[in-house]
Amino acid sequence: MSIRFIEENKIFKLDSKTSTYIFGVFEGNYLVHYYYGAPIPDTDVEQLRIRPGFASFCPDSPSARVFNFSPDVTPLEYSTFGAGDFRLSAFAVKNSEGNKVTDLRYVSHEIYSGKKPIPGLPSLYVNTEDEADTLEVLTEDKVTGARVTLVYTVFKEYGAITRCVKVENASDKPFYIDTVHSLCIDLPGNDYEMLDLYGRWVKERSLDRYPLHRGIQSIKSKRGSSSHNHNPFTALVSKGANEDYGECYGFNLVYSSNFSIDVEVDGFRSSRLVMGINPEGFSWYLAPGETFYAPEAVMVYTNKGLGEMSRIFHRLYANNLIRGKWKKAKRPLLINNWEGTGMNFDHDKLVSFAKHAKDIGLEMLVMDDGWFGKRDHDNSSLGDWYVAEYKLQKGLSGLIKEVNDCGLKFGIWFEPEMISPDSDIYRAHPDWCLHTEGRDKSIARTQYVIDYSRKEVRDHIYSMMYDILSNNNIDYVKWDFNRNLTEVSCAQLPPEKQGEVFHRFVLGTYEIMDRLTTDFPHILLENCSGGGGRFDPGMLYYSPQIWTSDNTDPIERLTIQFGTSMCYPASTMGAHVSANRRTGYETKMNVALWGSFGYELDPDKLTPEEKAEIKDQIALYHKYYDVIHYGELYRLITPFENEFHVAWELVSEDKNEALVTVVEIKRAYDEFFMLRLKGLDPEKLYEIEETGDTFSGAYLMNAGLNLTHRPHGDGLSYRVHLLAK
Ligand code: GLA
């Protein structure tokens, strides 16, 4: 068992390949956090219990004089509001008297092999029971009757722990859950740097890094999605940690709506991180006997640098988050018509698209936005999920048949959570969109958001999608989400439940995604939100790939893909070659290859030379598919540190193959450029396919590849393919 309860000192010890995590039951049944870091043996852990008990102005526990304890100076496993700990609260309930004082104490625990799913929410899973062990610790607030179960699962081989929280109301009075974080962790000291992924539309997930300062630093979303602007990921790393060295604690929330991550450094130089549903705008009314589940949080620890932290996330997500047929099956090579045609297409145009696409070796045509209702612009028809026969003159099945006859599979676009004011569905049900009585409705991209907290509304939308998907030969769905939530309230819920609507909305989305992937297990679902506005592990549970960004400029994609790779594997990043400005097709391909590759252009407009070039690219895509989709990533030179060139490398699990890509952002005038590779076997000999030269792994990793005479030029790029001899 990777989880043990050491009876003599009441300590829980959770051991994974790269980490040990320790907390225990202290006097007074407080749950105290003792350690999270590199693996340590069972001996000596008693020493971890020695802590200062008091400080002036830090309240004692009522019984603390006896056992020397103040909740305000002790690292706590799951902090609560109002009972002596003034730092960030992980949990608070507002009771029927209207106050929020909450005090959770240990009651009992259970340890078992495997892992249970979380009802209604996405979460990591085990393939076999022996992959992971789970600890459930029951705590209770005696006054409110809130029974809170802290759930920990140790993925032994990965150096990862997942956590989630279940709240039950065991009293005879209702209460409101005011704050329920999924994770709380107290780390000693404040010598950490914090990393986060920030951005905006077309510039998602840039990497920011800064030393922790005293006070509170936060990353949040209250957009009703995880958002382009912040991602539910952070890492606390030791000062100076880099790709290869240093301690890294990575945290990621399996959630696609309002989240918050706060880190507080207190006056005693202790750092507390809490992560979970954003308490702003959230309040959950829990009646007696009811249960609430908070989303899952993932923690990764390694002392081998950021690169290893990312690889742990990648392995874990590829094996224990991504599900279904497309976890292992080779994904079809697609062409999407969006950048090629926008909404300006008809039957003949798409069939001609398909013919040309087949000629160059593509495998699937994805028909994007514009095929339904009266959709010629983005100002109408969302919600009218029936075919625009004035555009698709032979109907959807007629179109699909001809596309299939060309030898291509067919994919389709939906935006199921949205409604246009100019739509039949809105005219019939104007109250189906999110709105607040008496206020104007904010409009964005000329659309409103459907109230997915309402079951009958989402059932109606799903039945339209079901009709399309069950009556046609469709192999892929792109699920889009092109605005954020405003005026969030639900006409059907009583006032005490209005604080639930954001969360109920995303539960509704998850439910429909679950139905879709259960009813149509063969369909490859790709998520999208104006590009990568909902790129999070919650979405990856349903869709193995997500459109990374609407920005397909290969140079601007570099920061986006490097940032995304902090915790999300290459196979999840939708990446297409488009006809956009800057750089030739070679660099477009080299950048897009680092992801779920495809094309987003009008093949009718390609010159014969471009077609020939793309045919060659497609051969390369097939050749490198396995090393990219199943390989281990090494970020060799990142765009956050080098303005001239960037480089990354994917290495097969058996270390027999590696693909290195270098992009010269702008002309570098280095006279001498040695690129040290990583992750190879030092004992093996590797042949460089492009030159026929052979080097040892040890040479390539220590001295490096001599790229001094590489081709130079703004936006140029090249690959180096290595095979072990
Ligand atoms: C979003 C997506 C695009 C495209 C358009 C269609 O912006 O990110 O890829 O599907 O919507 O309206």
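Anyway, here's the lowdown on the structure attached to this text.

Turning our attention to the site of the ligand. In the vicinity of the ligand there are 13 residues, among which Asp368, Asp369, Lys478, Gly531 and Asp550 approach most closely. Here Trp413 contributes a side-chain N or O atom positioned 3.1 Å from an oxygen atom of the ligand. Asn482 has a polar side-chain atom sitting 3.1 Å from an oxygen atom of the ligand.

Our focus in this paragraph is the pairing of strand β30 (residues 596-600). β30 sits mainly inside the fold: five of its five residues count as buried. Inspection of the sheet shows strand β29 (residues 573-578) paired to β30 by five bridges, in the parallel sense. Counterpart to Ser578 in the pairing with β30 is Glu600.

What follows is about the environment of Lys409. Looking at the secondary structure, you find Lys409 in strand β23 (residues 409-414). Here Lys409 falls in the partly exposed class, since its relative accessible area comes to 38%. Residues Lys409 and Leu334, spaced 75 residues apart in sequence, show a C-alpha to C-alpha distance of 8.6 Å. Among residues more than four places away in sequence, those in contact with Lys409 are Pro332, Glu363, Met364, Leu365, Val403, Asn404 and Asp475.

Judged by pairing direction, the barrel is parallel, and its eight strands sit side by side in the order β21-β22-β23-β26-β27-β28-β29-β30 before closing back on the first. Going across the sheet, the axis of each strand differs from the next one's by a mean of 30 degrees, ignoring polarity. Relative to strand β28 (residues 545-547), strand β27 (residues 524-527) runs parallel, the two sharing two bridges. Residue pairing for β28: Glu526 is matched across the bridge by Gln545. Of the strands in this sheet, β22 (364-367) and β23 are in contact with helix α5 (residues 395-405), which crosses β23 at around 140 degrees. Against the sheet, helix α10 (residues 554-564) engages β28 and β29, with an angle of about 165 degrees to β29.

Our focus in this paragraph is α5. Because an α-helix packs 3.6 residues into every turn, residues spaced three or four apart end up facing the same way. Taken as a whole, α5 has its buried residues at Gly395, Leu396, Gly398, Leu399, Ile400 and Val403. Against the buried residues of α5 lie α4 (347-360), β22, β23 and α7 (455-470). Note on α5: the residue one or two positions beyond its end, Gly407, has a positive phi of about 100 degrees.

Of note, Arg205 is a non-glycine position whose phi angle comes to about 50 degrees, a positive value. Checked against the element boundaries, Arg205 lands in strand β12 (residues 203-211).

Attention now moves to the sheet that holds strand β4 (residues 31-37). Strand order in this open sheet of four strands is β1-β2-β3-β4, and the pairing throughout is antiparallel. Two strands in the sheet have a free side with no partner beyond their single neighbour: β1 (3-6) and β4. The mean inter-strand angle of the sheet, taken between neighbouring strand axes irrespective of direction, is 15 degrees. Of the strand pairs in this sheet, strand β3 (residues 20-25) and β4 are connected by six bridges, and their pairing is antiparallel. Directly across from Val25, in β4, lies its bridge partner Leu31.

What counts and how
Residues numbered from 1 in each chain as written. Predicted model: local features only at pLDDT ≥ 70, side-chain atom pairs only at ≥ 80, totals over all residues. Heavy atoms only, no water. Near = heavy atom within 4 Å. Polar contact = N/O pair within 3.5 Å; in protein donor to acceptor, adjacent residues only side chain to side chain. Buried < 20%, exposed > 50% of the residue type's maximum accessible area, 1.4 Å probe, protein only. Helix = DSSP H or I, 4+ residues; strand = E, 2+ residues; numbered from the N terminus. Pairing = 2+ DSSP bridges. Contact = heavy atoms within 4.5 Å. Axes fitted to C-alpha atoms, helices over the stretch in contact; angles between N-to-C directions.

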